[in-house]
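Descriptive analysis of the structure
Here are the chains, one letter per residue:
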Amino acid sequence: LAKTTQPISMDSYEGQEVNITCSHNNIATNDYITWYQQFPSQGPRFIIQGYKTKVTNEVASLFIPADRKSSTLSLPRVSLSDTAVYYCLVGDGQSTGNQFYFGTGTSLTVIP
Amino acid sequence: ETGVTQTPRHLVMGMTNKKSLKCEQHLGHNAMYWYKQSAKKPLELMFVYNFKEQTENNSVPSRFSPECPNSSHLFLHLHTLQPEDSALYLCASSQGAGGYNEQFFGPGTRLTVL
């Protein structure tokens, strides 16, 4: 059973806000939600992490509803350089099992 | 520069060859990982090491043999590979093991099996 489900792809124009939603219906009490960004032929890079409510950093915001069964990554005013694959990951401190299920991710294309 | 280096960056090998991939992290982390990413496929976990001990083997064929001599170094020994093993192999490290620890990825080794 997949831990996370995301849209396969999204398109957006430059300067717009982009929201990518991830479903994680079976999230456990101790699980955190982490988002990564990956450019072609590179390893993923950490963007943001949260447990509940809202988290914001210099590049993105993460919205998590009270039931925590989904989360939304918000990228403000995207630019062409934000074209990448975005993954959400749920997990706790265990080192076994499907802690590291990145899934298919969401391929974001930013259009000029 | 993520603090995780991988060598070689590109590797071409025949099915009868034996080669090794090397990963080194300069972050003082305790957990290290090998991932495989085939063309247009999801990132796939292969192995997890925590404090030099293997804690996860994600049903990886025995032609892939990991080695973790210390917390800073991780190797992936390859022998009698198949063409379908051609992929980008990524190494990562994190302070602790587990999905909630931020993982730092290396640039990857692009492997082609002829």
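A few points on the structure. (Residues numbered from 1 in each chain as written. Chains lettered and ligands numbered in written order. Predicted model: local features only at pLDDT ≥ 70, side-chain atom pairs only at ≥ 80, totals over all residues. Heavy atoms only, no water.)

1. Concerning the overall build of chain A
Test applied: Strands here are runs of E lasting at least two residues and helices are runs of H or I lasting at least four, both read from the DSSP assignment and numbered beginning at the N terminus. In this treatment the radius of gyration is a C-alpha quantity, and the globule benchmark scales as 2.2 Å times the residue count to the 0.38 power. In this description, contact between two residues means that some pair of their heavy atoms is separated by no more than 4.5 Å. In this description, accessible areas are obtained by the Shrake-Rupley approach with a 1.4 Å probe, and a residue is regarded as covered only by the protein chains that are shown. Within this scheme the basic residues Lys and Arg register as positive and the acidic residues Asp and Glu register as negative, but His and the chain ends are omitted. Each charge is placed at NZ for Lys, CZ for Arg, CG for Asp and CD for Glu.
The helix and strand tally for chain A stands at 0 helices and 9 strands. For 112 residues, the compact-globule formula gives about 13 Å, and the C-alpha radius of gyration of chain A, at 13 Å, lands near that figure. Within chain A, contacts between residues at least 6 apart in sequence are counted, and of these 56% link residues at least 24 apart. Accessible area of chain A: about 5500 Å², with a carbon and sulfur share of 51%. Across chain A, 7 positive and 8 negative side-chain charges occur, with their mean positions spaced 8 Å apart.

2. As for the pairing of strand 2 (residues 18–23) of chain A
Residues and elements named next belong to chain A. Selection criterion: Note on exposure labels: buried denotes an accessible area under 20% of the residue type's maximum, exposed denotes more than 50%, and partly exposed covers the range between, all computed with a 1.4 Å probe on protein chains only. Strand pairing requires that DSSP identify at least two bridges connecting the strands.
Of the two faces of strand 2, the one holding Val18, Ile20 and Cys22 is buried and the one holding Asn19, Thr21 and Ser23 is not buried anywhere. Relative to strand 7 (residues 70–75), strand 2 runs antiparallel, the two being bridged by 6 bridges. What sits directly across from Ser23, in strand 7, is Ser70.

3. Quick word on the interface of chain B and chain A
Our working definition: The quantity reported as buried area is the accessible area (1.4 Å probe) lost by two parts once they are put together, taken as the sum for both. For this analysis, a salt bridge means a side-chain nitrogen from Lys or Arg found within 4 Å of a carboxyl oxygen belonging to Asp or Glu.
Tallying the contact residues gives 22 residues for chain B and 24 residues for chain A. For the pair chain B and chain A, the summed buried area comes to about 1700 Å², and 57% of that belongs to carbon and sulfur atoms. Sorting the residues of chain B by area buried against chain A places Leu43, Gly99 and Tyr100 of chain B first, and these three jointly supply 31% of that buried surface. One can count 0 salt bridges joining chain B with chain A. Secondary structure elements with two or more residues in the side of chain B that touches chain A: strand 4 (31–37), strand 5 (44–50), strand 6 (53–57) and strand 9 (87–94) of chain B. For the side of chain B that touches chain A, the element with the highest residue contribution is strand 4 of chain B, accounting for 3 residues.

4. Considerations on the side chain of His24 of chain A
All names here are of chain A. In plain terms, the rule: We call two N or O atoms a polar contact when they sit within 3.5 Å, provided that within protein one can donate a hydrogen and the other can accept it, with sequence-adjacent residues counted only if both atoms are side-chain atoms.
Considering the arrangement of structural elements, one finds His24 in the loop between strand 2 and strand 3 (32–38). A polar contact is formed between the side chain of His24 and the backbone oxygen of Arg68, at a distance of 2.9 Å. Apart from the residues lying within four places of it in its own chain, the contact partners of His24 are Lys3, Thr4, Ile33, Arg68, Lys69, Ser70, Ser71, Cys88 and Val90.

Read these as spatial facts, not as claims about activity.
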